[in-house]
Amino acid sequence: MNTEENLDRLARLCVQFGLGLRPGQELVLTADIGAIGLVRRITREAYAAGATNVLALYADDESTLARYTHGTDVALETAPGWLYDAMAGAYRRGAARLAIAGGTPGLLAGQDPEKVARANKALSSAARPMLEAVTSGATNWNIVPFVTEGWARQVFPDLAPEAAVEALWGHVFAALRLDRDDPVAAWRENFAELERRRAHLQGLALDALHFEGGGTDLTVGLARGHKWVGGAQKLEDGTTYAPNLPTEEIFTMPDRARTEGRAVFTKPAVIGGSIVEGLVVTFEAGRAVSIEADKGADVARAYFTTDEGASHLGEVALVPESSPIARSGVLYFNTLFDENAACHIAFGNAYAMNLAEGASPEDAGMNKSNIHMDCMIGSPALNVTGIAPDGTRHAIMRDGEFVI
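Attention in this report is confined to the structure presented alongside it. All values derive from a computational prediction rather than experimental measurement. (Residues numbered from 1 in each chain as written. Predicted model: local features only at pLDDT ≥ 70, side-chain atom pairs only at ≥ 80, totals over all residues. Heavy atoms only, no water.)

1. Regarding the overall build of the protein
Of the regular secondary structure elements, the protein holds 13 helices and 20 strands. Since a compact globule built from 404 residues should have a radius of gyration of about 22 Å, the 20 Å found for the protein is in line with a globular shape. Across its three principal directions, the C-alpha atoms of the protein cover 55 × 50 × 45 Å. The 404 residues of the protein split such that 53% are buried. Pairs at least 24 apart in sequence give 75% of the contacts found in the protein among residues at least 6 apart. Averaging the locations of the 35 positively and 52 negatively charged side chains of the protein gives two centres separated by 3 Å. (Helix = DSSP H or I, 4+ residues; strand = E, 2+ residues; numbered from the N terminus. Rg over C-alpha atoms; globule rule 2.2 N^0.38 Å. Buried < 20%, exposed > 50% of the residue type's maximum accessible area, 1.4 Å probe, protein only. Contact = heavy atoms within 4.5 Å. Lys, Arg positive; Asp, Glu negative; His and termini not counted. Charge placed at Lys NZ, Arg CZ, Asp CG, Glu CD.)

Encoded structure:
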């Protein structure tokens, strides 16, 4: 099956399965301008499914760079809050959200880190209402990938651009299970296993998770009333959707004040358009008190102090080393993929979907921030142990694999 046919299948998978788009629903898309071919396919599928309005908003590398090379200081600190407020309003009124991920990793690596930090702070603050509307459970949403030349060149620097794009598409289509005869059936099978794991962990009612191995020795206290999430989600009206495609994780909410120890990150993190490598963070009383890195330490320190909550955790996620994305052996430099190849923690804002009905965000220790950044700590050396409120320890993962 060629790329064009797979893109047609991806568009159908997005609309019918990823979003579960309902007749009469509006759809707001965001995408790199290079993904316009996929956006057009998705737009056709959405209207065929009964969408009343499809709006696409595009990003462009050249335009993004112009802000730093030609913009004033005021321009760096200005973000279109009016746009994000409008998007938040659309989602709260039931519009579906689709984000197509595939920008150029490290696009801003050559820019002044202080300028990047100021721009990121302005953007994250302006976008917060929109992100909260999406993650509150008010509407169906989905994130899917698109291979751009900039992304492909980062992943396969030794290949010619066209060959790099073709190689990366092969891995992306496999991760999306589009190489299967029935991708939807394959996803439903995967989601059933994710549901089994999260139900088991929910039943344990753990107080904390202990991560150990590969230099990491980290205890993450869990929020009171935390809820494990992963795979398919359901709205109150019965709409079923998949927030991320691909997805291999189950995740929950940490208590913002109860992370202790040292985390050694096993994959580079793309932070604010820069690539941070060799990240090591030490936590005390839930806060990152030491942030070191082989490359990009200043970028990480600036980003994780964007606001008071940026240095605390908002998510902890479990992913086995046997996930198809991990087995590919590819370093994607793309959070949508790399977070589904390894256990990870996320700095910044927690998701309301990770609290049980009736639980109080304040009593739970829910973190609030204008950022949410996933950083990977998983490896074949990692062990994860659940700790019950009475101190009983439960083996969850050994050598990077689930034992539950």
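There is more to say after this.
2. Concerning the nonpolar core
Counting residues in hydrophobic clusters, the biggest one holds 114 residues, and the most contacted among them are Ile42, Ile100, Phe211, Leu279, Phe304, Leu318 and Phe347. A per-element tally of this core places helix H1 (residues 3-18) first, with seven residues. When residues no more than four places from it in sequence are discounted, the contact partners of Phe211 are Thr216, Asp217, Leu218, Val220, Val316, Leu318, Cys343, Ile377, Leu382, Asn383 and Val384. (Core = buried A, V, L, I, M, F, W, Y, C linked by side-chain atoms within 4.5 Å.)

3. Things to note about the sheet that holds strand S3 (residues 96-101)
Spatial ordering of the open sheet is given by S2-S1-S3-S4, a layout of four strands whose pairing is parallel. Two strands close off the open sheet at either side, each with one partner strand: strand S2 (53-59) and strand S4 (141-145). The average angle at which neighbouring strand axes cross in this sheet is 15 degrees, direction not considered. Alignment of strand S1 (residues 26-32) against S2, held across seven bridges, turns out to be parallel. Bridge pairing in S2 places Leu29 opposite Ala56. Here helix H2 (residues 36-48) sits on the sheet and contacts S1, S2, S3 and S4; the angle it forms with S2, its principal contact strand, is near 165 degrees. (Pairing = 2+ DSSP bridges. Axes fitted to C-alpha atoms, helices over the stretch in contact; angles between N-to-C directions.)

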